[in-house]
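Coordinates in review
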Protein chains: 2
Amino acid sequence: MKTISNPNPALWETLCARPSMDTESLRGSVQELMQRVERGGDAILKELTSTFDKVSLDHLQVRKAELEAARVSSELSAAIEVARTNIERFHQAQRQPAEVVETMSGVKCWRRGVAIQRVGLYIPGGSAPLFSTVLMLGIPAKLAGCKEIVLCTPPNDQGEIHPAILYCARILGITKVFKLGGAQAIAALTYGTESVPRVDKIFGPGNQYVTMAKMLAQQSGVAIDMPAGPSELLVIADRTCVPRYVAADLLSQSEHGKDSQVVLLSDSRLVIEAVQRELELQIDKLPRADLARQALKNSIAVELGSVEDCMRFSNTYSPEHLILVTGKNDLLQEQLINAGSVFLGNFSCESAGDYASGTNHTLPTSGFASAYSGVSLDSFLKQITFQEISPIGLQNIGPSIECMAETEQLYAHKNAVSIRLSDLENI
Amino acid sequence: MKTISNPNPALWETLCARPSMDTESLRGSVQELMQRVERGGDAILKELTSTFDKVSLDHLQVRKAELEAARVSSELSAAIEVARTNIERFHQAQRQPAEVVETMSGVKCWRRGVAIQRVGLYIPGGSAPLFSTVLMLGIPAKLAGCKEIVLCTPPNDQGEIHPAILYCARILGITKVFKLGGAQAIAALTYGTESVPRVDKIFGPGNQYVTMAKMLAQQSGVAIDMPAGPSELLVIADRTCVPRYVAADLLSQSEHGKDSQVVLLSDSRLVIEAVQRELELQIDKLPRADLARQALKNSIAVELGSVEDCMRFSNTYSPEHLILVTGKNDLLQEQLINAGSVFLGNFSCESAGDYASGTNHTLPTSGFASAYSGVSLDSFLKQITFQEISPIGLQNIGPSIECMAETEQLYAHKNAVSIRLSDLENI
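Here's a quick rundown of the structure.

Cut-offs used in this document
Residues numbered from 1 in each chain as written. Chains lettered and ligands numbered in written order. Predicted model: local features only at pLDDT ≥ 70, side-chain atom pairs only at ≥ 80, totals over all residues. Heavy atoms only, no water. Helix = DSSP H or I, 4+ residues; strand = E, 2+ residues; numbered from the N terminus. Contact = heavy atoms within 4.5 Å. Expected span 1.5 Å × (residues − 1). Buried < 20%, exposed > 50% of the residue type's maximum accessible area, 1.4 Å probe, protein only. Polar contact = N/O pair within 3.5 Å; in protein donor to acceptor, adjacent residues only side chain to side chain. Least-squares fit on C-alpha atoms with pLDDT ≥ 70 in both. Axes fitted to C-alpha atoms, helices over the stretch in contact; angles between N-to-C directions. Parallel < 35°, antiparallel > 145°, perpendicular 65-115°, else oblique. Left-handed = near helix turned anticlockwise from the far one by under 90°. Nonpolar A, V, L, I, M, F, W, Y, C, P; charged D, E, K, R; others polar. Buried area = accessible area lost by both parts, 1.4 Å probe. Salt bridge = Lys/Arg side-chain N within 4 Å of Asp/Glu carboxyl O. Pairing = 2+ DSSP bridges.

1. As for the side chain of serine 318 of chain A
- In this fold, serine 318 of chain A is placed in the loop between helix 12 (307–317) and strand 12 (321–325).
- Not counting residues within four places of it along the chain, the set of residues in contact with serine 318 of chain A comprises Arg18, Glu232, Asn338, Gly367, Ala369 and Ser370 of chain A.

Below, the structure is given as C-alpha cells:
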C-alpha cells in the first residue's frame, strides 16, 4: 500500500480514478452470445453451460427434491436466521405509507409502491458460494411482493449448486432456481426461454461478461439494479482508531479479488504507519493472502491535513463502503456527500454490513455512489402516482392548465380542461 | 382508431406491443458525435449547433442579463405559480425522515437521502416550448438540494430560447442555462466542456438521438432518469364515463406526435362508439389535427368482457398514463400493477398531471412502467445507508458473521470480527 502525503487537491481526481474497465471490447462477443440464447433457448443454454461450466445438464432448473434436500449445519442455519431477521427488519422499515397530499382544494395526489412483478437474481459462482447475496436480494424482493423471483447461479463441474445457496433460496420461498451462470444467464432472464422465465428487472453482481450482458439487457428493455464494478472500501481514521481493526477491515476488502480497491485516509502519519505494520502482520495468516497482496499493491494510503480534508477526498472518491473511525464522526456525517454504505466507529466492521447487520450489501461501485443508491426495498417497487380531481378541484386548477397548455401550443391539452369547465359552468 | 372486440387473451401481448424503435442503428453516428464533443469541447458544440439548429453562437451559456430579461404575461406567471406550488407540495411530501432501526441490540442501521450534486436537465425544443418540463425536473432538483443544476435546451434559428423556459429557470434559481440541443447537449453534460459542466445524472425527454445519447452517457458512467419513448395514454371507461371527456383526453395525447400511443378499453361497445363519434367531432377543431389523426391511426379501442379484464389488459400494456373512469375505480386500483401515473374519475384529465396537479410528468413509456417509476424527489437523491455497532452489538451479531464468512471462504471478513471479539473478551 503506497503512502502519499498531502497531495495537492488538484491531483485528488487522478488519485481517485479507478482502473478503467474495458467492457466495451466485450460488447460484440456478449451480444452475439445473447442473440444465440434469444434464438436457440434452452438448447443453447445447455451448450454454453457445457462449454463454460464444464458440465452437461439435462435440466437447467433445480428440481424440487434437490432444493428440499439442501442442508446446512445448525450453526450456519442459526447464523442465517440472525442475518435474515436483521435484513428483514431494516428493509421492512423502508416501506412508505401512501400519503394523500391535497395540493390545492379538490386536487388530491398520492403515490403507491407496487411490486415489480418478475425479477431475476443473479448469484455469481467462482471461488466463493455467495449465499449472502441470495439473502440481500431475495429478502427485499419477497417483502416487496414480487410475484415471480427467478434465481440463476452457475453450477460446479458436477452440476451442483452450493447447498447454502439452495438453502437460502428455499427458506425465502424462491422456487425457480436455475443452474445457469455468466452472460447466458442474463440473456435467458432478458428474453426468456422454454424453461427460464423472462423478467422485468435483473439484480446482482457478476464479472465483466455479466456486467456487459446486463447493459445489453437494459437496451432490450429490461431494467437492472445498477452498473457493477470491483468492490471498494475507503477508511477515514484518526488517532481514535485501533490500527489492528483498520488493517483487518482493509484486508477483508482486499481478499475479494486482485482488482478490489482499498483506500486509507488519515490526518496522522503515525496512524498510517501503524496500519501498514498491522497489514504486514495480518496478511500472512490469510488463505487468500495472494489476492489481498495484489489488491493492496494497487491501493493507497493518503495523509491529509485534517479529517475534514479526508472527508472531502472521500466525497471525490465516492466509495462503495466508507468506514469512519474518528473523533469527529458526527461532523463528518454532515459533510458526507457520496458513499454507498457507511460504518461508524471502531466496532462497525464492514463485514457486519456484508452479512448480517441489516443494511444491503449490493452497493454502487466505481464512483457510481455519486448518483446511485444501493439496493433497497424501493429497488423492487415502482412508485405509481395517482390523482383524483373533483369538479371544484378542476375549477381551481383548470385555468392555470389552460394557460400553460396554450403557451406550449398544445390545444388539445387545453381543450380537455375547457370542455369540462364549460360543462361545470352550465350546471 | 381501430376497434377490436373481445380479442383472445393470447393475443393481448401482441396488441400491447409498441412499434419497435430502432435506436440501435443510430448508435454509430451518435457515438461518433459524442466522441467529437469529448475531444473538441465548445468549438465542436458551436459547430454542431450551427449545423443542426442553423444558428451561429458566440456564447453557449445564456447570459445573466438575458435570463433576467425573460418576461411572460401576468396570466402565465400566475399559472406557473399555481403549478409550481402544487409540484413543490407533492414532491416535498416525498421526503423520508431518517428512521433509525435497531435491528438487534447494539446494531443501529438507518438511511439518509443526500442530493446528487450535479444534475443535467434536458428540455427539448421543436414545435412546442416545454417550459412545464423545466418545472417538473427543476423543482425536485432544487428540493433535493442538488448543488449544480445545468439546463440545456436548443435555441431557435435566431439563437433564442423561449422566454417561458428562461422564466421558469430563473424563478427556480437555475442559473446555468445553455443553448444546446440534441445528442451534443447530452455529450456536453457527460464529458463536460470549457463552458458546460459535467454532471452525475441526466434527466429529461428527447428524440431518438437524445435517447441514444443518454444510453451511451450511461455507459460512460453518468446515470440517467429512465429510457424514453413516445408518450402514451390508456383509458379504461365504462358507462359512467362522459364520452366527450374521454375523446378530449385521447386527443390531448394524440397531439404530441404521430408516434404517440393511445388505447381505449371498455366493457361497453356503446361507450367505444360514442367516444369514436366524439373524436371525429373534436379533432377537426385542433391546430395539430394532422398529427393527432396520424397517432389515432396507430391506436386501438378494445372491447372486453368486464372492466376487470380491461385492468388486466392495461397491466399487460403498462401505460405511461392511465385514466380510470369506471364505477369500480376502487377495485381496479387494487388490481393495478403497471402504470406510470393514474388519473381517477371524469374530472382528472391527463393534462392536469402534465402541468399543474403536482405529480410529475416525466414518466416511464414503452412498457417500462413494469419496472421503472416516474421522476420524483428520490430521483435526485442517493439513499446512503449507515450503521453503528456497539461493542455489545458486535458481541450479539459477531458469531453469525464469522460463521457466514467462513462458509463463503472469506477469512479476512471473519477475522475483522474475530480480532474485535477477542479484544472484547479480554476486557
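2. Details of helix 8 (residues 208–219) of chain A
- For helix 8 of chain A, spanning 12 residues, the distance from its first C-alpha to its last is 17 Å, which sits close to the expected 16 Å at 1.5 Å a residue.
- For helix 8 of chain A, the buried fraction is high: 9 of the 12 residues fall into the buried class.
- Inspection of helix 8 of chain A places Val210, Thr211, Met212, Ala213, Lys214, Met215, Leu216, Ala217 and Gln218 of chain A among the buried residues, and these make up the whole buried set.
- Looking at the buried positions of helix 8 of chain A, the neighbouring elements they touch are helix 2 (27–53), strand 4 (118–122), helix 7 (182–191), strand 7 (201–203) and strand 8 (223–224) of chain A together with helix 8 (208–219) of chain B.
- Of the residues that open helix 8 of chain A, the one with a side-chain oxygen 3.0 Å from the backbone nitrogen of tyrosine 209 of chain A is asparagine 207 of chain A.
- Positive backbone phi, approximately 95°, marks glycine 221 of chain A, located one or two places after helix 8 of chain A.

3. Considering the relation of the copies chain B and chain A
- At an RMSD of 0.0 Å, chain B and chain A line up after a rotation of 180° and a shift of 0.0 Å along the axis. The transformation relating the two chain copies, once decomposed into turn and shift, fits a two-fold axis. Among all C-alpha atoms of chain B, that of glutamine 96 of chain B lies closest to the rotation axis, at 4.1 Å.

4. Quick notes on the packing of helix 9 (residues 243–254) of chain A against helix 10 (residues 269–283) of chain A
Residue and element names in this part refer to chain A.
- Contact geometry for helix 9 and helix 10: axes closest at 8 Å, N-to-C directions at 60°. Between helix 9 and helix 10, the interaxial angle falls into the category oblique. In the packing of helix 9 onto helix 10, the handedness of the crossing is right-handed. Touching Pro243, Arg244, Val246, Ala247, Ala248, Leu250 and Leu251 of helix 9 are Ala274, Val275, Glu278, Leu279, Gln282 and Ile283, all from helix 10.
- Looking at the contact of helix 9 with helix 10 residue by residue, the classes come out as 10 nonpolar, 1 polar and 2 charged.

5. Examining the interface of chain B and chain A
- Contact with chain B, which involves 121 residues of that partner, is made by 121 residues of chain A.
- Roughly 10,600 Å² of surface becomes buried between chain B and chain A when both sides are summed, with 59% attributable to carbon and sulfur atoms.
- Counting every contact that joins chain B to chain A gives 8 salt bridges.
- A salt bridge links aspartate 249 of chain A to arginine 420 of chain B; the shortest N-O distance between them is 2.6 Å.
- Where chain B meets chain A, there are 60 residue pairs in polar contact (both at pLDDT 80 or more).
- When residues in the side of chain B that touches chain A are grouped by element, the largest group, 10 residues, is from helix 16 (residues 411–425) of chain B.
- Per-class residue counts for the side of chain B that touches chain A are 60 nonpolar, 39 polar and 22 charged.
- Looking at chain direction, strand 14 (residues 381–389) of chain A and strand 13 (residues 341–344) of chain B are connected through 4 bridges and run parallel. Residue pairing across strands places phenylalanine 386 of chain A opposite valine 342 of chain B, the latter belonging to strand 13 of chain B.

6. Focus on the environment of tryptophan 110 of chain A
- Along the chain, the position of tryptophan 110 of chain A falls in strand 3 (residues 107–115).
- On a C-alpha basis, the gap between tryptophan 110 of chain A and glutamine 35 of chain A in space is 41 Å, while along the polypeptide they are 75 residues apart.
- Not counting residues within four places of it along the chain, the set of residues in contact with tryptophan 110 of chain A comprises Glu99, Val100, Ile384, Thr385, Phe386, Gln387 and Glu388 of chain A together with Phe90, Gln333 and Leu344 of chain B.

7. Observations concerning the pattern of salt bridges
- Tallying each qualifying case throughout the model produces 36 salt bridges over all chains.
- Bridged by salt links that share partners, the residues Glu81, Arg84 and Glu88 of chain A form one connected network.

8. Observations regarding the sheet that holds strand 6 (residues 176–179) of chain B
Residues and elements named next belong to chain B.
- The parallel open sheet is built from 5 strands, whose spatial order is 6-5-4-7-8. The open sheet has two free edges, formed respectively by strand 6 and strand 8 (223–224), since each of these has just one partner strand.
- Strand direction decides the pairing type here: strand 4 (residues 118–122) and strand 7 (residues 201–203), joined by 3 bridges, are parallel. Opposite glycine 120, over in strand 7, you have isoleucine 202 as the bridge partner.

9. Some points on unusual backbone geometry
- With a phi angle near 40°, asparagine 6 of chain A is a residue other than glycine that sits in the positive phi range.
- Note on placement: asparagine 6 of chain A falls in the loop between strand 1 (2–5) and helix 1 (12–16).
- We classify asparagine 6 of chain A as partly exposed; its relative accessible area is 47%.
- One non-glycine residue, glutamine 409 of chain B, lies in the positive phi region at around 60°.
- Its location among the elements puts glutamine 409 of chain B in the loop between helix 15 (391–407) and helix 16.

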